[in-house]
Amino acid sequence: MSPKEVVEFAKKNNARIVDIKFMDLLGTWQHFSVPVSELVEHLFDEGLGFDGSSIRGWQAINASDMLVMPDSTTAVIDPFMAIPTVSLIGNIVDPITKEKYTRDPRNIAQKAEAYLKSTGIGDTAFFGPEAEFFLFDDVRYEVNQHNCFYEVDSVEGTWNTGRDEAPNLGYKPRPKEGYFPVSPSDSMQDIRSEMMILMEQVGLSMECHHHEVATGGQNEIDMRFAPLVKCADNLMWYKYIVKNVAKNHNKTATFMPKPIYGDNGSGMHVHQSIWKDGKPLFAGNGYAGFSELGMHYIGGILKHSRSICAFAAPTTNSYKRLVPGFEAPVNLAYSSRNRSASCRIPMYSPSPKAKRLEVRYPDPSCNGYLAFAVMLMAGLDGIENKIDPGEPLDKDIYALGPEELANIPTLPHSLEDALNSLEEDHDFLLKGDVFTQDVIDRWISYKRENEINNLRLRPHPLEFHMYYDV
């Protein structure tokens, strides 16, 4: 919609409120609302001022004035507000220079799309994430000087088979047996259907939904691929809808990669491809129907994967999921049908339009704008420098012996390891001023100071179990 059409759209839907959403550096939507009387055409050129000093990862208090510029193409009616509300996603600019703010993730994603076009390699990068999540019935946690604990619970949790539920009906998926069972073992069909319908209502194109592998209420809803920035917008609506529908059903949703010990964590496989003039550039006559350009894209992803992890698996909890030999692919290799490889070429369809790369180590705790941009920049670096990905690995990596595994590089073992890799390998992100050095430095310093150090300094409950009687 154009600005004029947004104003008409608000009147048609009897909107009383306009809600402006934007992204902090780490990946959480922020927002504020104004009366619909403020929704005039020049708002989209002049923006709305706000204090950015309290936004995570942003500006210091001595330069905190910001402008948010609403994007008219993102207008929808928020499906959760009792008072009719038009929702708009905005970009952040400096109020004096009107330059795009370098730490705004949406600006970074837009620059990545522009860089792709400037290279002449392609004109569109499509991304399609598969975000998994848990729906719990209760969550409690506390971190103090003298105590620390967490507890989650789900009516589907296999640990509740012996609980007095007056009556306990017993349909609770066992660990690693939650993939695709029908009702009553899958108790969340209608909730996922409601989520999917609302996602379509706000403009997302959806494909399917299903229960996922883990016990305790793990789920997945798949959306169709979209251009990079649009896909990142869609991912934010996806998370927003999942969390709010869960709340309306007196449940709580989490995109934490590893909330339950001893069962599968939540990943976010990311499908991606580059097109030009309406033609898919990854389709060809090589391995698994891939083109030489597509193989070089894989080469770039594999070369820079340890740095990519700093954005695509960006939490300390991410590395409770990325564990060798368990559930998530940590070995840097590519294959076609082999799901134990970190990069996979899906073989569902022979159509050139379906030819894409699936990167399997990201998780849904990431900021989609940054994670998608980083992967695109890594892949483009592979194309520009003709990086050879080596031979495919079609064996089950988990079944390989130590000697064979020794020749396969691995992902970082911790967030600190990933940040160290990013510190050493980020020149490919600075091309076209897509990421600035300031953004890289701020990301690393924020993660070290506010996440790694916070975890490092605190005793863990397991340490009492292991060491209290030493």
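Residues numbered from 1 in each chain as written. Predicted model: local features only at pLDDT ≥ 70, side-chain atom pairs only at ≥ 80, totals over all residues. Heavy atoms only, no water.

A count of helical and extended segments in the chain gives 13 helices and 18 strands. On C-alpha atoms alone, the chain measures out to a radius of gyration of 23 Å, which is about the 23 Å that the 2.2 N^0.38 rule sets for 470 residues. The buried share of the chain, reckoned over its 470 residues, is 53%. Looking at the chain alone, contacts between residues at least 24 apart form 69% of all its contacts between residues at least 6 apart. Only carbon and sulfur atoms are counted for the fraction: they give 52% of the accessible area of the chain, which is about 21,500 Å². In the chain, 46 positive and 64 negative side-chain charges are present, and the distance between their average locations comes to 3 Å. (Helix = DSSP H or I, 4+ residues; strand = E, 2+ residues; numbered from the N terminus. Rg over C-alpha atoms; globule rule 2.2 N^0.38 Å. Buried < 20%, exposed > 50% of the residue type's maximum accessible area, 1.4 Å probe, protein only. Contact = heavy atoms within 4.5 Å. Areas by Shrake-Rupley, 256 points an atom, 1.4 Å probe, with all protein chains shown as cover. Lys, Arg positive; Asp, Glu negative; His and termini not counted. Charge placed at Lys NZ, Arg CZ, Asp CG, Glu CD.)

This next bit is on the side chain of asparagine 367. Checked against the element boundaries, asparagine 367 lands in the loop between strand E18 (357-359) and helix H8 (368-384). Within the local environment of asparagine 367, its side chain forms a polar contact with the backbone nitrogen of tyrosine 369, the two atoms lying 3.1 Å apart. What asparagine 367 contacts, discounting residues up to four positions off in sequence, is Met23, Asp24, Leu25, Leu26, Gly27, Pro105 and Phe311. (Polar contact = N/O pair within 3.5 Å; in protein donor to acceptor, adjacent residues only side chain to side chain.)

On to the nonpolar core, then. Judged by nonpolar contacts, the single largest core of 124 residues is most densely connected at Met195 and Phe435. Here this core gets 13 residues from one element, more than from any other, and that element is helix H5 (residues 228-248). Not counting chain neighbours up to four residues away, the residues in contact with phenylalanine 435 comprise Ile108, Phe311, Leu370, Ala373, Val374, Leu429, Leu430 and Ile440. The next biggest cluster of nonpolar side chains, apart from the first, holds six residues, and it includes Ala341, Leu393, Leu400 and Ile408. (Core = buried A, V, L, I, M, F, W, Y, C linked by side-chain atoms within 4.5 Å.)

Before going further, it helps to examine the environment of lysine 239. As for its position among the elements, lysine 239 is in helix H5. Separated by 16 residues in the primary sequence, lysine 239 and phenylalanine 255 place their C-alpha atoms 8.2 Å from one another. In this structure, lysine 239 is in contact with Phe255, Pro364, Ser365 and Cys366, ignoring residues within four places of it in sequence.

Before going further, it helps to spend a moment on helix H10 (residues 415-424). Listed as buried for H10 are Leu415, Ala418, Leu419, Ser421 and Leu422. For H10, the buried positions fall inside an angular range of 155 degrees around the axis, keeping them on one side. On its buried face, H10 sits against helix H6 (292-312), helix H7 (318-321), helix H11 (427-430) and helix H12 (437-457). (Arc of directions from axis to C-beta.)

Position of serine 335 relative to the elements: it lies in strand E16 (residues 334-335). Counting along the chain gives 10 residues from serine 335 to isoleucine 345, while the straight-line C-alpha distance between them is 6.2 Å. Setting aside anything within four residues of it in sequence, one finds serine 335 in contact with Tyr287, Ala341, Cys343, Arg344, Ile345, Leu393 and Asp394. At 2.5 Å, the side chain of serine 335 and the side chain of aspartate 394 are in polar contact.

Put simply, side chains in a regular strand alternate between the two faces of the sheet. The sheet contact formed by strand E8 (residues 138-143) and strand E9 (residues 148-153) spans six bridges and is antiparallel. Following the sheet pairing, aspartate 138 is matched in E9 by aspartate 153. (Pairing = 2+ DSSP bridges.)

Bringing the packing of H6 against H8 into the picture now. Between H6 and H8, whose axes approach to 6 Å, the crossing angle comes to 140 degrees. The orientation of H6 relative to H8 falls into the category oblique. The chirality of how H6 crosses H8 is right-handed. From H6, Leu293, His296, Tyr297, Gly300, Ile301, His304, Ile308, Phe311 and Ala312 reach across to H8, where they touch Leu370, Ala371, Val374, Met375, Leu376, Ala378, Gly379, Leu380, Asp381, Gly382 and Ile383. (Axes fitted to C-alpha atoms, helices over the stretch in contact; angles between N-to-C directions. Parallel < 35°, antiparallel > 145°, perpendicular 65-115°, else oblique. Left-handed = near helix turned anticlockwise from the far one by under 90°.)

For the rest of this paragraph, the subject is the side chain of threonine 436. Relative to the helices and strands, threonine 436 is located in the loop between H11 and H12. The buried category is assigned to threonine 436, whose relative accessible area is 11%. Once residues lying within four places of it in the same chain are set aside, the contact partners of threonine 436 are Thr102, Lys111 and Leu430.

Take the packing of helix H4 (residues 189-201) against H5 next. Between two packed helices, what matters for the description is the angle formed by their axes and the separation of those axes. Running from amino to carboxyl end, H4 crosses H5 at an angle of 140 degrees, the nearest separation of the two axes being 10 Å. Here H4 lies oblique to H5, going by the angle between them. As for the relative orientation of H4 and H5, their crossing is right-handed in sense. Only Tyr238, Ile241, Val242, Val245 and Ala246 of H5 make contact with H4, whose side of the interface consists of Ile191, Glu194, Met195, Leu198 and Met199. Its residues assigned to classes, the contact of H4 with H5 comprises nine nonpolar, no polar and one charged. (Nonpolar A, V, L, I, M, F, W, Y, C, P; charged D, E, K, R; others polar.)

It is worth spelling out the pairing of strand E1 (residues 17-23) at this point. Within E1, six of the seven residues are buried, which leaves it mostly tucked inside the rest of the structure. As paired elements, E1 and strand E2 (residues 29-35) share seven bridges and run antiparallel to each other. When the sheet's bridge partners are listed, isoleucine 20 is paired in E2 with phenylalanine 32. Hairpin remark: E1 followed by E2, antiparallel, with five residues in the connecting loop; positive phi at glycine 27, about 125 degrees.

Purely spatial values, then, with no claim about function.
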